[in-house]
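# Chain and residue survey
Take a look at the letters that make up each chain.
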Amino acid sequence: MVNNAGPSRREAMRLKAEAEEARGRRNARILWISLAAVAVAVVVILALVISSSLAKNGPSAEQQTPPNATEKFGIGMPTQDVEPAADAAHLIIWEDSQCPICSEYEKLYGPVVKQLVDEGKITAEIRTAHFLDAQLRNDSSERAALAGAAADAVGKFREFHDVLFANQPEEGVGFTDQQLRVDFPTQAGIEGDDLTKFQELYDGRAFADFVKKANDQFTLDGITGTPTYLVGDTKLEFFSGQEMSIQPTPEDLLRAINEANA
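The rules we used
- Residues numbered from 1 in each chain as written.
- Predicted model: local features only at pLDDT ≥ 70, side-chain atom pairs only at ≥ 80, totals over all residues.
- Heavy atoms only, no water.
- Helix = DSSP H or I, 4+ residues; strand = E, 2+ residues; numbered from the N terminus.
- Buried < 20%, exposed > 50% of the residue type's maximum accessible area, 1.4 Å probe, protein only.
- Contact = heavy atoms within 4.5 Å.
- Areas by Shrake-Rupley, 256 points an atom, 1.4 Å probe, with all protein chains shown as cover.
- pLDDT = per-residue confidence, 0-100.
- Pairing = 2+ DSSP bridges.
- Expected span 1.5 Å × (residues − 1).
- Arc of directions from axis to C-beta.
- Phe/Tyr/Trp six-rings, centres within 6.5 Å; stacked < 30°, edge-to-face > 60°.

## Looking at the overall build of the protein chain
Per the secondary structure count, the protein chain includes nine helices and seven strands. The proportion of buried residues among the 262 residues of the protein chain is 38%. Considering only intrachain contacts with a sequence separation of at least 6, the fraction spanning at least 24 residues in the protein chain is 76%. Only carbon and sulfur atoms are counted for the fraction: they give 54% of the accessible area of the protein chain, which is about 14,900 Å².

What follows is the structure, given as structure tokens:
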């Protein structure tokens, strides 16, 4: 009888070695496939993060211009069913929504400006800068300007502007999105479909280009701070030393505006 135990064991060992080698190759393939799947997942996650970031920080809507935009990127304050006089002077008001002095001037002179506009005695526009964002390390002034432009798109710029400054937070705290997209427009009387449109314009940063151009114009015009009230190239000086040189009354503000216009 021929003894086949030796070759059989060798054959078994060879087959076992081949099986282990094949298993090793299969495991290696599985490992590489798994790593590739992980890499794809990482790429997808990064893409989603970048997309989300762009949606938050960059315009996602078609860029628009506010309906009452002026030549140098302000927003005009139309009269309430009153045509301005033919010789009415034009008042330009530069503001940054985080500027506390702007808020104080708005309390004193804002109602007077609106009265003169509504009586057709002057025309006026608000130009928004957001230079304080860099100093205060936030983007609150820019977002407020975006919201103001969106309010103009639904016919409520003046009302929104009033609410914004009436609720100006402590300097450096900034406005929340809840305030700018929900609370303030609601207080300004924006509701229903108009509120939906306002929020879409705000969320999509539809006026980002316009707001940037306004801020660039602030630098180009050499404006050094806010608030700045201009009639043409003439700056209104509200104080002479410690004395108030322009009283917060319609008569005295109109006097100062007309003198600067002359």
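## Here's the deal with the confidence of the model for the protein chain
Across the protein chain, pLDDT averages 85, with 77% of residues at or above 70. Here residues 1–7 scores under 50 on pLDDT; set against residues more than four positions off or in separate chains, the count is zero contacts. Long-range and interchain partners of residues 30–56, a stretch whose pLDDT sits below 50, account for three contacts in this model, where long-range means more than four residues apart.

## Some remarks on the sheet that holds strand β3 (residues 122–128)
The strand order across the open sheet built from five strands is β1-β3-β2-β4-β5, with neighbouring strands paired in mixed fashion. Single-partner strands in this sheet number two, and they are β1 (75–76) and β5 (234–235). Inspection of the sheet shows strand β2 (residues 89–95) paired to strand β4 (residues 228–231) by three bridges, in the antiparallel sense. Looking across to β4, one finds that W94 is bridged to T228.

## So, the environment of E171
Inspection of the secondary structure puts E171 in the loop between α5 (157–166) and α6 (177–187). E171 sits in the partly exposed class, given a relative accessible area of 46%. C-alpha separation for the pair E171 and L136, spaced 35 residues apart in sequence, amounts to 8.1 Å. Setting aside anything within four residues of it in sequence, one finds E171 in contact with Q98, P100 and L136.

## Notes on helix α7 (residues 192–203)
Within an α-helix, residues lying three or four positions from one another point in the same direction, as the helix has 3.6 residues per turn. End to end, α7 covers 17 Å across twelve residues, agreeing with the expected 16 Å (1.5 Å per residue, within 8%). Those residues of α7 that fall on the buried side of the exposure criterion are L195, F198, Q199, L201 and Y202. Along the axis of α7, the buried positions cluster into a sector of 160°, meaning they face one direction only. For α7, the exposed residues set more than 90 degrees away from the buried face come down to D193 and E200. Looking at the buried positions of α7, the neighbouring elements they touch are α4 (140–153), α5 and α6.

## Structural notes on the packing of aromatic side chains
Overall, the coordinates contain eleven aromatic pairs when judged by the stated rule. Their ring planes at 45° and their centres at 6.0 Å tell us that Y105 and Y229 sit as a pair that is tilted. Highlighted residues: Y105 in helix α2 (residues 100–118) and Y229 in strand β4, separated in sequence by 124 residues. With relative accessibility at 16%, the residue Y105 sits in the buried group. Considering the side-chain rings of Y229 and F238, the 4.9 Å spacing of their centres and the 75° angle between planes classify their relative orientation as edge-to-face. F238 shares its class with Y229; the two are buried.

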